[in-house]
Amino acid sequence: MLDFAHCRVNDEVVKDIDTSNVRIMDKCFYGNLYATFSDLLKWKTDKVTSMVSMFERCPKITKLDLSTWNVRNVTSF
């Protein structure tokens, strides 16, 4: 499980997180006040099965480009 909820992670840290073996991303960035999550294109998400509330209460997000994500196995958003 990937969990950075309420942590002070910024965009430089987030873009390089290795997500290749993550299966659950529920609330992983819940309440993050610092990152805009503007560069997540390199993330590997093909093993993820749940992404519930991943970016909930993240006020700096203005736009998310998740076009490269493989969400075929995700059953809960």
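Scroll up a little and you will see the structure.
Let us look at the structure shown here.

Parameters and conventions
- Residues numbered from 1 in each chain as written.
- Predicted model: local features only at pLDDT ≥ 70, side-chain atom pairs only at ≥ 80, totals over all residues.
- Heavy atoms only, no water.
- Salt bridge = Lys/Arg side-chain N within 4 Å of Asp/Glu carboxyl O.
- Buried < 20%, exposed > 50% of the residue type's maximum accessible area, 1.4 Å probe, protein only.
- Helix = DSSP H or I, 4+ residues; strand = E, 2+ residues; numbered from the N terminus.
- Core = buried A, V, L, I, M, F, W, Y, C linked by side-chain atoms within 4.5 Å.
- Contact = heavy atoms within 4.5 Å.
- Phe/Tyr/Trp six-rings, centres within 6.5 Å; stacked < 30°, edge-to-face > 60°.

Here the focus is the pattern of salt bridges. Throughout the structure, instances matching the rule amount to 2 salt bridges. The partner of Lys15 in a salt bridge is Glu12, with the nearest N and O atoms 3.7 Å apart. With a relative accessible area of 22%, Lys15 lands in the partly exposed category. By relative accessible area, Glu12 is classed as exposed at 54%. The salt bridge involving Lys42 is made with Asp16; its shortest N-O contact spans 3.4 Å. Of this pair, Lys42 sits in the segment after helix 1 (11–14) while Asp16 sits in the segment after helix 1, placing them 26 residues apart in sequence. Judged by its relative accessible area of 53%, Lys42 falls in the exposed class.

Ranked by size, the top nonpolar core spans 19 residues in total, and within it Val14, Met25, Phe29, Phe37, Trp43, Met54 and Phe55 carry the most contacts. Setting aside residues up to four positions removed in sequence, Met54 forms contacts with Met25, Lys27, Cys28, Phe29, Tyr30, Trp43 and Trp69.

Attention now goes to the packing of aromatic side chains. Within the structure shown, the criterion is met by 5 aromatic pairs. Ring centres of Phe37 and Phe55 lie 5.0 Å apart, and the angle between their planes is 65°; on these two criteria the pair is classed as edge-to-face. Here Phe37, found in the segment after helix 1, pairs with Phe55, found in the segment after helix 1; they are 18 residues apart in sequence, far enough to count as distant. Comparing Phe37 with Phe55, the two get one shared label, buried. Each ring, one from Trp43 and one from Trp69, has its centre 5.5 Å from the other, and the planes form 10°; the classification is stacked. Note that Trp43 is positioned in the segment after helix 1 and Trp69 in the segment after helix 1, a separation of 26 residues in sequence. Exposure class is identical for Trp43 and Trp69. Each is buried.

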